[in-house]
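Read off the chains here:
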Amino acid sequence: MSRRTLSHYEILEKIGEGGMGVVYRAVDTRLGRQVALKLLPPRLVADPERRERLAQEARTASALNHPHIVTIYEIDRAPSEDGMVDFIAMEYLEGEPLDQKIPDEGLPVEEALDWAIEVASACAAAHDAGVVHRDLKPSNLMIDSGGRLKVLDFGLAKLTRPADTVDAEAPTMASPALTQKGAVLGTPVYMSPEQAEGREVDARSDVYALGIVLYEMLAGRRPFPENSGAARRETAPPSLGTARPGIPEDLEQIVRKCLRRDPADRYPTAIELEEELRAVRARLAAAPFDLKAYLRRPRVLIPAAVVLTVLLVGGVWLWHRGREARWARRVALPEIERLIEEDDLAEAYRLAREAEHEIPGDPHLERLWKRFTIPVSIRTQPTGAQIAAKPYLAVDEPWVTLGRSPIEEVLLPETLHRFRIAKEGYETIEVAPTLELGHGRLLLEATLWPAGSAPEGMVRVPAGSTNTLSGQLPARELDAFWIDRHEVTNSAFQEFVDDGGYRRPELWKHALVRDGETLGREEALDLFRDKTGRPGPATWELGAHPEGQGDLPVGGVSWHEAAAYAEWAGKSLPTIHHWLRAADPSYRSDILLVSNFSGEGPAPVGRWQGLGPYGTYDMAGNLKEWSSTATGERRYLLGGAWNDPTYLFLTPEADTPFAREPTHGFRCVVYPEPLPSELTGPVEMARADVDREDPVSDEVFAVLESVYDYDETPLNARVESVDDSPPHWRLEEISFDAAYGDERVPVYLFLPENAVPPYQAVVYFPTSMAEALDSSDHLELRWFDFILRSGRAVIHPVYKGTYERKV
């Protein structure tokens, strides 16, 4: 490993070694994530069977794709100081193997059950795919820092399906040919009798190993001595109840069945074992209140009369509380786990808070909390503010009170949040800040301002750095400033018109230059008339906004009209730097899902819940907004409009200052101090100009082109689901084999209802928001539904790097 690197991985430290390889902690320098690298030792590199076992481990674990099976990123060969090295890059898990977590007296029953269910679930998935692990043992079961178990090391795994269930055309994930008949592979103390004797093994051998692991978790020791050899395979294991008194009888029966000598007497696979274990956990959660056991506890050995009084008074409460606790363990905890797996963190958080009220301190719930939350510290000036929060997209959910500031490390779902900060005598603020992750926690700092001290309808943006849009704009440092919470409305602009705004020369301070020619004020004002020829926005009539539309943002105004209004109001139009600072368009795609990109028209300000980081609304969508910044003779418009694609929230446009499109609106700012020229001057966006690039040579182009070569293998397409409910098309979700790795490509196939096959088909490539959104549940249909109405089919692949297939 030259200079402690291997391929694009930087080696950090050695973390383990076994018969099948050495494991290192490393950093993937391309993606910036930690990984575990498993390398074949140099002495084994030339052994084709060992190399094939390494490949088999990668293929098997990656094909199973289960939350309790370690994730495989890639398998490759790379040069090192000792020659070519075969390696697997896999998920790096912070934590400890199970064998280091088991105390001498055994684990608590519920904790042992939870981990047994997780490993059984992983094995059930493997057995369902026809894979036998063959080396299950506590050292191959890792408990991560969140308390979740992961199964490691499929290097000895074997594909073993009944002949009548094997698809002749299906690719095998593990090769049975690697194991010669009579070969003994595995760890002796966890082997089933048939595995130790070199006979054929199947899923029931894993069940046996699982039984030993479960026995060890509960008793603190294995059922057989390590050197008992063949003798122990001829005898029944010692009673678990003897090794650990008080174990539930049904749980002891499960262990006994797992450890039967004859495979026919065991569970056929881990699928049935998992079901039995879950049933035991449910029965334990629903166990009735044991009065005798309660009275035997030392802390309740008080006079009998007092005990009876307490029981009589609290009997109903105890019954009710017991029922709620059983609900929390039996219903809520499995549901929370499912919601976490589906990435529905807001609902998981809500349910976890309910469960926490019923079973505080429950170890299973504590492990679940760690899996999907992160500590957040909240500090305000002044202190003592009441803090409430809710997930950003849970716009209709009630606020959750967190307490008074300062708050240190409260657990919140690891997602964007809305915060409400209130203190008597100060303005209440609602913000959705971008919280930077550092040292394992997030920090929110907010400054409140006294009630009545803020300009009406404005919010404060703190001092800070500008958003450079990935280097397209120069970096600037800005002082704090105020910005309108909402876009300027028709009603507000009506006041400007009624106050003679169009007739007051002192408000029109900017040169009226059109196509290089300076116009007189009267000449220019003739261009700023409504549909009936009166002074006013292009969307108005008779000098007034349409009835009932006072709360809509004013549209159809030129840059000059917006600047005159700002002068009249004692404000300014924001520079591109200040607008982007207030909107912070780098801070998640969530705002796009709750902003007006509906394609249906402008909405009253604040109706959509696209809250910005400092308390603004509608900076994404609704109307695009004029800025004061020039580019040539044009002025920048920002944020996109209701009829724009969502990526325009991130992409400044420019238009002539005389343009009066219905989608052109604005909001204003107040600067405490005059701005320096570096902020008020024109800005040219840095853009690549491919027309000026010199073409590469044919030889270089051939190399570049070869990057996109692929093997033309069968697609193996299959229909995953069909939806006939849309009125104008039929939707089929299809998947097929990718031309790389073992991935499947999801495809949405839209078939028009107003045409008959064969269809002309259009393959759709989405906007750049497909890179920002987390799920293809949010396809931007309005950009291609007209194709379907024309009688053509639309094929919408979920391309690598988009939606749920983000790299």
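Note that the structure is predicted; figures quoted are calculated from it, not measured. (Residues numbered from 1 in each chain as written. Predicted model: local features only at pLDDT ≥ 70, side-chain atom pairs only at ≥ 80, totals over all residues. Heavy atoms only, no water.)

Describe the pairing of strand β12 (residues 373-381), listing the residues and the values that go with them.
For β12, the tally of buried residues reaches 7 of 9 residues, placing the bulk of the element in the interior. Note: β12 against strand β15 (residues 407-413), 5 bridges, orientation antiparallel. Opposite Pro 375, over in β15, you have Leu 411 as the bridge partner. (Buried < 20%, exposed > 50% of the residue type's maximum accessible area, 1.4 Å probe, protein only. Helix = DSSP H or I, 4+ residues; strand = E, 2+ residues; numbered from the N terminus. Pairing = 2+ DSSP bridges.)

A description of unusual backbone geometry should follow, citing residues and the corresponding values.
Cis geometry marks the peptide bond from Gln 381 to Pro 382, where omega comes out at 0°. Turning to its location among the elements, Pro 382 is positioned in the loop between β12 and β13 (386-391). In this chain, Ser 405 is followed by Pro 406 through a cis amide linkage whose omega measures 0°. Relative to the helices and strands, Pro 406 resides in the loop between β14 (400-404) and β15. Although it is not a glycine, Leu 542 adopts a positive phi angle of roughly 55°. By the element assignment, Leu 542 lies in the loop between α14 (521-525) and α15 (559-568). Judged by relative accessible area, which is 57%, Leu 542 ranks as exposed.

Got a sec to walk through the packing of helix α7 (residues 249-258) against helix α8 (residues 270-285)? Specific residues and values, please.
Two elements in contact, α7 and α8, have axes whose closest approach is 10 Å; the angle formed by their N-to-C orientations is 165°. The orientation of α7 relative to α8 falls into the category roughly antiparallel. Considering only the axes of α7 and α8, their crossing is left-handed. The segment α7 lies against α8, with Asp 250, Leu 251, Ile 254 and Cys 258 engaging Leu 273, Glu 276, Leu 277, Val 280 and Arg 283. Taken together, the residues of the contact of α7 with α8 break down into 6 nonpolar, no polar and 3 charged. (Axes fitted to C-alpha atoms, helices over the stretch in contact; angles between N-to-C directions. Parallel < 35°, antiparallel > 145°, perpendicular 65-115°, else oblique. Left-handed = near helix turned anticlockwise from the far one by under 90°. Contact = heavy atoms within 4.5 Å. Nonpolar A, V, L, I, M, F, W, Y, C, P; charged D, E, K, R; others polar.)

Scope: geometric values only; no functional claims are made or implied.
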